[in-house]
Amino acid sequence: MQIRPILSALRRHRLAAMLIGLEIALACAVLCNACFLIANRVRDMHIQSGVDEASLASLTISGYEDRQSVDVNARVTAGLRAIPGVQSVSVLNSIPFGERRGSMGITTDAEGLHRGGVIEFYLGGPGSAEALGFHLVAGRALQAEDYQSFSGLMPSFAPVLVTRELAEHLWPGEDPLGKSIWSKPLHYQVVGVIDRLVVPAPALWGAGTGGWSAFLPAQPGPGLSGSYLIKAAPADIRRVLRDARETIAKVAPDAVLDLQGTQTIGDLRESFFQQDRTMTGILVAVIASLLLVTALGIVGLASFWVQQRRKQIGIRRAIGATRQDILSYFQTENFLIVSGGILVGMVLAFGLNLALMKFYELPRLPLYYLPMGAVSLWLLGQLAVLGPALRAAAVPPVVATRSV
Amino acid sequence: MFGYYLELAWRGLRRNSVLTALMVLAIAVGIGASMTTLTVMHLLSGDPLPGRSGSLFYAQVDTDPSPEQRKQPLDKLDYPTAMDILNAHLADRQTVVVDSAVKLRAPDASLPPLMPSMLSTTADFFPMFDVPFQYGGPWRAEDDDKHARVAVISADLNARLFQGANSVGRTLRLRDTDVRIVGVLAPWRPSPQFYTVAGGRFAAGKTADFYSKPQDVFTPFTSGLEINDGNFYQFTCWLPPSTPGHLQNAPCVWLGVWVQLNSPAKVTAFKRFLDGYAAEQHALGRVVRPQNTRLRSLMEWLDFNGVVPSDVRLQTWLAFAFLAICLFNTIGLLLAKFLRRSGEIGVRRALGASRAAIFAQCLVEAGMVGLLGGVGGLLLTLLGLWVVRGQPVAFADLAYLDGRMFLLTFALAIATSLIAGVLPAARASRVAPGLQLKTL
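Residues numbered from 1 in each chain as written. Chains lettered and ligands numbered in written order. Predicted model: local features only at pLDDT ≥ 70, side-chain atom pairs only at ≥ 80, totals over all residues.

*Asks:* What's the story with the overall build of chain A in this structure? I'm lost.
*Replies:* When helices and strands are tallied, chain A shows eleven helices and eleven strands. Overall size of chain A, expressed as C-alpha extent along the three principal axes, is 100 × 50 × 30 Å. Residues classed as buried in chain A amount to 43% of the 404 residues present. Of the contacts formed within chain A by residues at least 6 apart in sequence, a portion of 83% connects residues at least 24 apart. (Helix = DSSP H or I, 4+ residues; strand = E, 2+ residues; numbered from the N terminus. Buried ≥ 20, exposed ≤ 12 C-beta atoms within 10 Å, placed from the backbone. Contact = placed C-beta atoms within 7 Å.)

This is the structure:
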């Protein structure tokens, strides 16, 4: 293929070629970054919770007095346990992807000097640890006597289970067992390490903090009531939750059911990531329309060029060029223009990523997105130009003899 | 002449209907996407109290005794500080706000108990923030001092409990206390719900909830604290509160204080008062960083909290990048369209049309594409806003097109197509008549 004649022909169509090139460049920049944004959102949405999501539901009530809480807890747990299909009912303050009631800044020393960031304390009554279904990877399981009653917001001293991620963050490379977590004057001692337990609102405190959770055993009471974890077989969980709503009206007629906080963990997860899903949809739509518009632009200009050069094509055909020659001429021309666009586009993509990093705390665009974007635009360009190029190849040599 | 150009443009557009449709579609989709996101942006980033916001200020004093350096004071105030600022009565108006969920029953209505959000504030809140009333009015300042059991309710709650009738004088049961309704608000939907905004910088851009509807029940601050004692949530604490939910003597920040200052001199004076107060408390040992006070105006406070959700901003950027691509596309297509008619242009030039005339004719044609694209864009914008309204976000119900954005849609469409038209039109007007006539 001879590139020199194509280049010199392009020089006569500088403006149009530049326009297509710029369009490709912008498309390349947006495409790479939009794909990267999608990948980030999808990764966020697929965060592992570490709990048995399919068989858990949360039920929340409010509108009763603190002094009634022991009584309410007893009535509600007894009532819910009587529902056929319920495997367990326990009291748990925070719920994965639901309400966040145990976020606290912690330190790793009693003086409060070594900050450990804000972590989530899942404060749970007997049975809740088993219901959540997380796996213990080190240390001991919680015993009945670990669940002590307390007053105030949080127990002042208790054994605690921490996630592997949190332990790695607080004491990198050390054995976390026996270490202490402080939030002056509260003091908790690590007795076990769990595989994974997601915080209720992952990504709120920044990337990499989604697993900074601890499980704190306590006896239900005024500081731990009104929020229940129901476990049932995955097939039963929706029906059980429906029945549970009716049960509440009977066993705690004075309390107000919080519909937002009364959902299966699966549904809570759905609504927690609703925004991300919408955003992913928008990004996909933008990419699709962007590629479509770019392709149409290429088709439009290429058709124009084919029409404008009919006579020249005819002449070339008359003096011996094959259809294949004409076809590959237009394909090469398109490849050159698109390549120019991609070159500028990569720089633009990088700049756009820098802006996104600054304003949206996005990580750096991995370099492999650039060749991926380039290949898709090359393909798009070749596809778009194929129609006009085939029409050009179909120009009969006899055109050359007319009206010269 | 303009009429003649319009006719020519119309003929030109019809001659190549596929190409025309492509251009119109590209502009329409670009405009639709940009205007949908721009409308949402405009609704979310606007001034909730135009004309007034400049005289409203949010007071902050850093009362956290932790020794480390803090660049910003905490977003809310503890009880003693809020009361000291309020009781100084140095501003033209001052108020304190705190919201809490409260159990509500209406003895007259046969509804199960509700848990609406209640705002406890002072009488100044209503005139300060221009809150409209449908029936009755705000409580009086002495009701605040007397811990009066009165309440103002929202239009929504009034519709729910009393079918929208005048409910002034009727009774509501808040938790265990009966309160008398003294006022019913007219529909009021500030965007955002600015007076409770706080903590935006810790929200990682997920700030859609700042745009939720105002509370359903408003009670005097003093009464609210008694009625719903034990159910107040702290913004943050430096030590755990001894009685959760009762924060008057707790080491926690949980109150927002707003002041109205009608002149720049008063703003300076009030800032000096805050600094003086912090210095005095520093001398008493309660405040560690006395220089860390702030008096931000309403818009500064919203800005500081980054109230516009980052996703919305991202969508706007995306839409405009997309519009730019559509613009390049249209330039290319218009260029093809005009140059394809080089012969015709050559004839016109040969017959005496000036370059300016050719240029004008081409621009009219481009403008017409823009107008058609604008109509399509408007329809797509309405569709886009309808989709936004269907989303489960707090600001969904706000997403309507107003007159200004309606006009902007057309302005943007025509501007886009004219910008797109300039280059091709200039190129077309430089067509050499002789060369073209020869090839005819």
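Structure's up, so let's keep going.
*Asks:* Would you take a moment to explain the overall build of chain B for this structure?
*Replies:* Across its full length, chain B holds 14 helices and 13 strands. Against the compact-globule benchmark of 22 Å for 440 residues, chain B has a radius of gyration of 30 Å, which places it well outside the compact range. Split into buried and exposed, the 440 residues of chain B put 47% on the buried side. The long-range fraction of contacts in chain B, counting pairs at least 24 apart against all pairs at least 6 apart in sequence, stands at 79%. (Rg over C-alpha atoms; globule rule 2.2 N^0.38 Å.)

*Asks:* What is the right way to look at the UniProt feature "transmembrane region" (unreviewed entry) in chain B in this model?
*Replies:* All names here are of chain B. UniProt feature "transmembrane region" (unreviewed entry): in the numbering of this structure it lies at residues 21-44, 317-336, 357-386 and 406-426. Spanning residues 317-336, this segment combines 100% helix with 0% strand, and its end C-alpha atoms are found 29 Å apart. The span residues 406-426 is 100% helical and 0% strand by assignment, and the distance between its end C-alpha atoms comes to 31 Å. (UniProt positions renumbered as here; feature names shortened; annotations may be inferred.)

*Asks:* I tried to follow unusual backbone geometry on my own but got confused; where do I start?
*Replies:* Trans peptide bonds make up the majority, and among non-glycine residues the majority have a negative phi. Of the consecutive residues K184 of chain A and P185 of chain A, the connecting peptide bond is found in the cis state with omega at 0°. For P185 of chain A, the location among the structural elements is in the loop between β7 (180-183) and β8 (186-194). Cis geometry is found at the peptide bond from S191 of chain B to P192 of chain B, where omega equals -5°. Within the fold, P192 of chain B resides in the loop between β8 (177-185) and β9 (217-220). For H89 of chain B, which is not glycine, the phi dihedral falls at a positive 50°. For H89 of chain B, the position within the fold is in the loop between α3 (79-87) and β2 (93-101).

*Asks:* Can you walk me through the UniProt feature "domain: ABC3 transporter permease C-terminal" (unreviewed entry) in chain A in this structure?
*Replies:* Mapped onto the present numbering, the UniProt feature "domain: ABC3 transporter permease C-terminal" (unreviewed entry) falls on residues 285-394 of chain A. The straight-line gap between the two end C-alpha atoms of residues 285-394 of chain A is 36 Å; of that span, 87% is helix and 0% is strand.

*Asks:* Explain helix α6 (residues 237-251) of chain A to me, please; I cannot follow it from the model alone.
*Replies:* Think of an α-helix as 3.6 residues a turn; residues three or four steps apart then line up on the same face. Residue and element names in this part refer to chain A. The terminal C-alpha atoms of α6, which comprises 15 residues, lie 20 Å apart, in line with the 21 Å expected from a rise of 1.5 Å per residue. Within α6, burial applies to I237, V240, L241, A244, T247 and I248. Check the buried side of α6 and you find it contacts β1 (56-62), α3 (69-81), β2 (86-91), β10 (227-232) and β11 (256-264). (Expected span 1.5 Å × (residues − 1).)

*Asks:* Please clarify how the domain arrangement of chain B should be interpreted in this entry.
*Replies:* As a measure of interface size, the accessible area lost when the parts come together is often cited. All names here are of chain B. As far as domains go, chain B holds domain 1 (2-48 + 309-439) and domain 2 (63-260). Here the C-alpha centroids of domain 1 and domain 2 sit 49 Å apart. Contact with domain 1, which involves ten residues of that partner, is made by eleven residues of domain 2. For the side of domain 1 that touches domain 2, a count of residues per class yields eight nonpolar, two polar and no charged. (Domains from an automatic or database assignment. Nonpolar A, V, L, I, M, F, W, Y, C, P; charged D, E, K, R; others polar.)

*Asks:* I tried to follow the nonpolar core on my own but got confused; where do I start?
*Replies:* Note on soluble globular proteins: their nonpolar side chains tend to be buried together. Ranked by internal contacts, the top residues of the largest apolar core, which has 94 residues, are L26 and C28 of chain A together with F322 of chain B. Among the secondary structure elements, those contributing two or more residues to this core are α2 (14-45), α8 (274-308), α10 (323-360) and α11 (369-393) of chain A together with α2 (17-45), α10 (310-340), α12 (355-389) and α13 (403-429) of chain B. No other element matches the 17 residues that α2 of chain A contributes to this core. A123, Y135, I227 and L255 of chain B belong to the second-largest nonpolar core, a separate cluster that totals 83 residues. (Core = buried A, V, L, I, M, F, W, Y, C linked by C-beta atoms within 7 Å.)

*Asks:* I'm lost on the domain arrangement of chain A in this one. Help?
*Replies:* Segmentation of chain A into domains returns domain 1 (3-45 + 274-401) and domain 2 (64-254). Domain 1 of chain A and domain 2 of chain A are separated by 54 Å when their C-alpha centres are compared.

*Asks:* What should I look at first to understand the sheet that holds β11 of chain A in this one?
*Replies:* Sheets are built from strands paired through backbone hydrogen bonds, the pairs being either parallel or antiparallel. Residue and element names in this part refer to chain A. On the basis of which strands lie adjacent, the open sheet formed by four strands has the order β2-β10-β1-β11 and antiparallel pairing. In this open sheet, the two strands that pair with only one neighbour each are β2 and β11. Taking each pair of neighbouring strands and ignoring which way they run, the sheet shows an average axis angle of 20°. In terms of strand pairing, β1 meets β10 through five bridges, oriented antiparallel. The partner of T60 across the bridge, within β10, is S227. Against the sheet, α3 touches β1, β2 and β10, its axis set at about 165° to β2. Here α6 sits on the sheet and contacts β1, β2, β10 and β11; the angle it forms with β11, its principal contact strand, is near 175°. (Pairing = 2+ DSSP bridges. Axes fitted to C-alpha atoms, helices over the stretch in contact; angles between N-to-C directions.)

*Asks:* Can you walk me through α11 of chain A in this structure?
*Replies:* Residue and element names in this part refer to chain A. Taking 1.5 Å of rise per residue, 25 residues should cover 36 Å, and α11 covers 35 Å from first to last C-alpha, within 8% of that figure. If you look at α11, its biggest bend is around 40°, right at L386, and the proline P388 turns up within four residues after that. Within the span of α11, buried status applies to G373, A374, L377, L380, G381, A384, V385, P388, A389, A392 and A393. Against the buried residues of α11 lie α2, α8, α9 (310-318) and α10. (Bend = angle between axes of the 7 residues up to and from the residue.)

*Asks:* Before we go on, may I ask you to explain the pairing of β2 of chain B in this structure?
*Replies:* A regular strand places its side chains so that they alternate between the two faces of the sheet. All names here are of chain B. When you tally the buried positions in β2, you get seven out of nine residues, the bulk of the element. Sheet topology places β2 next to strand β4 (residues 117-121); four bridges connect them, and they run antiparallel. For V98, the partnering residue across the bridge sits in β4 and is S120.

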